[in-house]
Structure formats: structure tokens, C-alpha cells
Amino acid sequence: MKVRHCSNIGYAEDGRGLIIHLPTILGVEQIAADTYEGGVGPAIGPRLFGGQAIAQGLLAACEAESEGRLPHSLHAYFLKAGSSAHPVRYRVTTLSEGRSFATRRVEGSQGDSLIFSMIASFHVTEQGFTHSASAPADMDVSAALDALESWRRHNSEASSSPIIDRLQNRPIEIVPLDPGSLFGARSREPKTGVWMRLRDAADTDPLLQRALLAYASDMMFLRNAMLPHAVRPGSTSVQAASLDHAIWFHETPDFNQWHLFATDSPWAGHARGLNHGHFFDESGRMVATVSQESLMRPKGDVLDRLREGETP
């Protein structure tokens, strides 16, 4: 399989600001036997984005595949906070390889620090029984775009939510079903839905497309567990981070097209929150399922009120 070479930040062809060509960033370069290096990518802060580590690690694991199997699941742990300013080296170990399945471990390091660990499983295409849950929302991207524009014009929370403008410079375009739940600061039911697609079209290679979905799956996700508590990632009242991340690929997506990421949080406690989600394409076909546990540690006055038995 052809190695996907990395390079420095890959800006879109029209030179737009911070919008980068995501496949260029996610590509990995072989630097030694079973070892690959991923490029430095877009970042809001000093920490490495978890979705980037997952996607690069997955593509590194794909480099060992020679039988045409596709990744069908992965389970990743974020061991230490990585730096967004430095590349990550991924060491791939094949744990098992048979006729139908292969399993590989990927370890990501920066310097002498192991920051990321993942096991990915690969499966040949087979025929089998089929059933799938339906999408939980209307599959109407135009309506969601209209709702977002209306919310930005008429809602006072829009002017105090800097994440809205930051998202315009990200390689994944995001349109929420309910802008207030995504961008607002009030307590909400722990569920959201967002439409996502790649801003600049990429090759439809199935390995790359699954990596693109893996990258996007860590966006707008851990906030579900925070919604009932009126806090958002980035708030000074909570320390938030992804602890682990799992994906099951049901079909190969075409992330050049819109996909609905429908998410919810069934539980939070002990400074952790659990999040689930499903990706659906525009036809309503489920293409992937995602789960993640996140750290959501209260701080300062919020923690004091929780200790006293009060609702923040």
C-alpha cells in the first residue's frame, strides 16, 4: 500500500486563512520499520487534538494491511496530553492476522513520552444479516443551515460564543441541529446533533475516508455530558479532556458529503462523562458508531457548591 506522506500545514488552494487540506495533515510517513510520523495539524490551543491522533494512528495501522481488509473498529486511550506543535511518531505492532481479521496495536509518542495507545481491527468484506437504527432527526441540511443563520441573527448568545467564528476556520464544516445546545450556555438535555463534512474535497479512498470520519468523531462530542450542567469545554469552571475513544465503522463514508453526527450522554459522575454517537449519511444510512468517556472535573466555586450538595 502506498505510504501517505506528511508535510507542513497544507492550506486550501484558494489560500483561505487557517483552513487546511486535512488529508495532507493526517498523512503519515514511514521513518523506520513499523514506525510512522504524522504531520503537525490545526490546533485551537497547545494540546494535540485527539481526533488527529486517532486518524493518524489509524492510517499508520493501515500501512501494514496488504490483504484489502478495512478497519471496522478501534479503541484508543489518551495517556498524556500531547503537544499540537510537534509531530507524533506511531509504532505499529501486528497482534494477530488471519484470513478474515487482523488486529494491530498503535503507540503514539512525542520525544520519550508515550501519549497515545490504540488497537485497531481489520476485516474483509463479507455478506451477512443486516439491520440498522433509523436516524433520530430529519435529514434536511438546508433546514439546519437556515436555523443556524437565524439563530446567529436573533440570539444574544451568538455574540458571546467565540467558538462559532473559530469553527469557520476548521477543516470540517459543522452545522448544528440546535445552535443553542451547541453554542449556548444554558442547561440543556444531554443530546445534540450536528451535520459535518470536509470543506475541501478529498480522495474517496476508503481508508482515508474512514480516517477523516475518525478525525471528525472527536469534535463537538464530550460537551454532551456537560449540557445538563450549564458548562461547556473551555469553561474555567471545569477541566475537560477525552480519556478514551472507540469507533465501529459499519460502512465506508464519503466525508466530502454531509453526515449527521447524532450524539447523547446517558451518564455522568465521579468527574467523568460518557458519550455515545452515530454517524448517518444523507440517505439515513448509519455508517459508524462512536463512544467516549471524558474527564469533566469541576473546579473552584463550582466544586465547592457540589461538595456542599448544591446544584451549580
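Residues numbered from 1 in each chain as written. Predicted model: local features only at pLDDT ≥ 70, side-chain atom pairs only at ≥ 80, totals over all residues. Heavy atoms only, no water.

- The protein chain has the name Thioesterase family protein in an unreviewed UniProt entry, where Qipengyuania citrea is given as its organism.
- Among the UniProt annotations of the protein chain, the heading Sequence similarities (unreviewed entry) holds the following wording: "Belongs to the C/M/P thioester hydrolase family." (UniProt positions renumbered as here; feature names shortened; annotations may be inferred.)

1. Here's the deal with the sheet that holds strand E8 (residues 191-198)
Argument step 1. The sheet built from twelve strands is open, its strands ordered E1-E2-E4-E5-E6-E3-E9-E12-E11-E10-E8-E7 with antiparallel pairing. Edge positions in the sheet fall to strand E1 (28-32) and strand E7 (172-176), since each of these pairs with one other strand and no more. Averaged over all pairs of adjacent strands, the angle between their axes in this sheet comes to 25°, without regard to strand direction.
Argument step 2. Here eight bridges tie strand E3 (residues 70-78) to strand E6 (residues 113-123), and the two strands are oriented antiparallel to one another. Considered in E6, the bridge of Ser-73 is made with Ser-121.
Argument step 3. Where helix H2 (residues 50-62) meets the sheet, it contacts E1, strand E2 (35-38), E3, strand E4 (88-97), strand E5 (101-110), E6 and strand E9 (238-249), and its direction lies at approximately 55° from that of E6.
Argument step 4. Of the strands in this sheet, E7 and E8 touch helix H3 (residues 141-154), which is tilted by about 80° from E7. (Pairing = 2+ DSSP bridges. Helix = DSSP H or I, 4+ residues; strand = E, 2+ residues; numbered from the N terminus. Axes fitted to C-alpha atoms, helices over the stretch in contact; angles between N-to-C directions. Contact = heavy atoms within 4.5 Å.)

2. What to know about the packing of H2 against helix H6 (residues 206-216)
Argument step 1. Where H2 contacts H6, the two axes come as close as 7 Å, and the packing angle between them is 160°. When the interaxial angle is binned, H2 and H6 end up roughly antiparallel. In this structure, H2 crosses over H6, and the sense of that crossing is right-handed. Within the contact between the two elements, H2 uses Gly-51, Gln-52, Ile-54, Ala-55, Leu-58, Leu-59 and Cys-62 and H6 uses Leu-207, Leu-208, Arg-210, Ala-211, Ala-214 and Tyr-215.
Argument step 2. A breakdown of the residues in the contact of H2 with H6 according to their chemical character gives ten nonpolar, two polar and one charged. (Parallel < 35°, antiparallel > 145°, perpendicular 65-115°, else oblique. Left-handed = near helix turned anticlockwise from the far one by under 90°. Nonpolar A, V, L, I, M, F, W, Y, C, P; charged D, E, K, R; others polar.)

3. Remarks on the confidence of the model for the protein chain
The predicted coordinates of low-pLDDT regions are not to be read in fine detail.
Argument step 1. For the protein chain, the mean per-residue pLDDT works out to 88, and 88% of the residues sit at or above 70.
Argument step 2. Throughout residues 1-18 the model reports pLDDT below 50, and contacts reaching past four residues in sequence, or to other chains, amount to 53 contacts. (pLDDT = per-residue confidence, 0-100.)

4. A look at the pairing of E3
Argument step 1. Sheet analysis places E3 next to E9, joined by five bridges and oriented antiparallel. Note that in E9 the partner of Ala-76 across the bridge is His-245.

5. Things to note about H3
Argument step 1. Helix length check: H3, at 14 residues, gives a terminal C-alpha distance of 20 Å against a target of 20 Å (1.5 Å per residue), a fit within 8%.
Argument step 2. Of the positions making up H3, those classed as buried are Val-141, Ala-144, Leu-148 and Trp-151. The arc that holds the buried residues of H3, viewed along the axis, is 85°, so those residues lie on one side. In this structure, H3 carries Asp-146, Arg-153 and His-154 as exposed residues pointing more than 90 degrees from its buried face.
Argument step 3. Between a side-chain oxygen at the N-terminus of H3 and the backbone nitrogen of Ser-142 the separation is 3.2 Å; the capping residue is Asp-140. (Expected span 1.5 Å × (residues − 1). Buried < 20%, exposed > 50% of the residue type's maximum accessible area, 1.4 Å probe, protein only. Arc of directions from axis to C-beta. Polar contact = N/O pair within 3.5 Å; in protein donor to acceptor, adjacent residues only side chain to side chain.)

6. Quick word on the nonpolar core
Argument step 1. Counting 69 residues, the largest nonpolar core has Ile-54, Phe-116, Met-118, Ile-172, Ile-174, Met-196 and Phe-279 as the members making the most contacts within it.
Argument step 2. Core analysis: the next-biggest nonpolar cluster, separate from the first, contains six residues, Leu-222, Ala-225, Val-231 and Met-296 among them. (Core = buried A, V, L, I, M, F, W, Y, C linked by side-chain atoms within 4.5 Å.)

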